[in-house]
Each structure stands twice: as C-alpha cells, then as structure tokens.
Amino acid sequence: MGLVALVSNTQTSFPIEIISQGGALATISLMIFLTIELLILDTKYWNKWVSGNLDSSSGTLLVLFVAIVVFNIIVVL
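As the structure is a computational prediction, the values presented were derived from the model and not from experiment.

Conventions adopted
Residues numbered from 1 in each chain as written. Predicted model: local features only at pLDDT ≥ 70, side-chain atom pairs only at ≥ 80, totals over all residues. Heavy atoms only, no water. Helix = DSSP H or I, 4+ residues; strand = E, 2+ residues; numbered from the N terminus. Buried < 20%, exposed > 50% of the residue type's maximum accessible area, 1.4 Å probe, protein only. Areas by Shrake-Rupley, 256 points an atom, 1.4 Å probe, with all protein chains shown as cover. pLDDT = per-residue confidence, 0-100.

On to the overall build of the chain. Helix and strand counts for the chain come out as 3 helices and 0 strands. Its helices and strands in sequence order give the chain the pattern α-α-α, from N to C terminus. Counting only residues that meet the buried cut, the chain has 13% of its 77 residues in that class. Summed over its atoms, the accessible surface of the chain is roughly 6400 Å², and 73% of this surface lies on carbon and sulfur atoms.

In structure tokens:
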C-alpha cells in the first residue's frame, strides 16, 4: 500500500520542448490520417470498418490538436 501512495504522490514535469515535439508529431499524424481518409473515400475499399477506424483515430488526434492549440495560446499569453 505504501508503494502505491509513493508512486501516486510523485509529480513529474516535462520541458516545453518535449510537449512541442509531441504536438508536431500529433499534427503530422492528423494530417496523414485525414489524407488517407480522403484518398480511400471514393474507392472500393471504403466500408463501415475502415470508416470507423479512421474516424476514431482522426477524432482523437483532432481533440489532441485542439488541446495543443489552446496550450500554445496560453503559453503566448
């Protein structure tokens, strides 16, 4: 029980460079997923399974992208 309390009480801080590099990776991934979605949209390979997978990936990355934009606005202010 003491180990759980010790682990849960630790606080780690990340440098802003790591956050910005992760943001760049998330932005590039979002662009790749949206490009793939647009390319496959009118082909015979488009179905509900592909649509669901790409939408879930793109949706998660879109929320992350919005969080990155809000974070950068807060840092500038």
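Bringing the confidence of the model for the chain into the picture now. Averaged over all residues, the pLDDT of the chain is 78; the fraction at 70 or higher stands at 78%. Element-level pLDDT for the chain is lowest in helix α1 (residues 2-8), with a mean of 50, against a maximum mean of 85 in helix α3 (residues 48-76).

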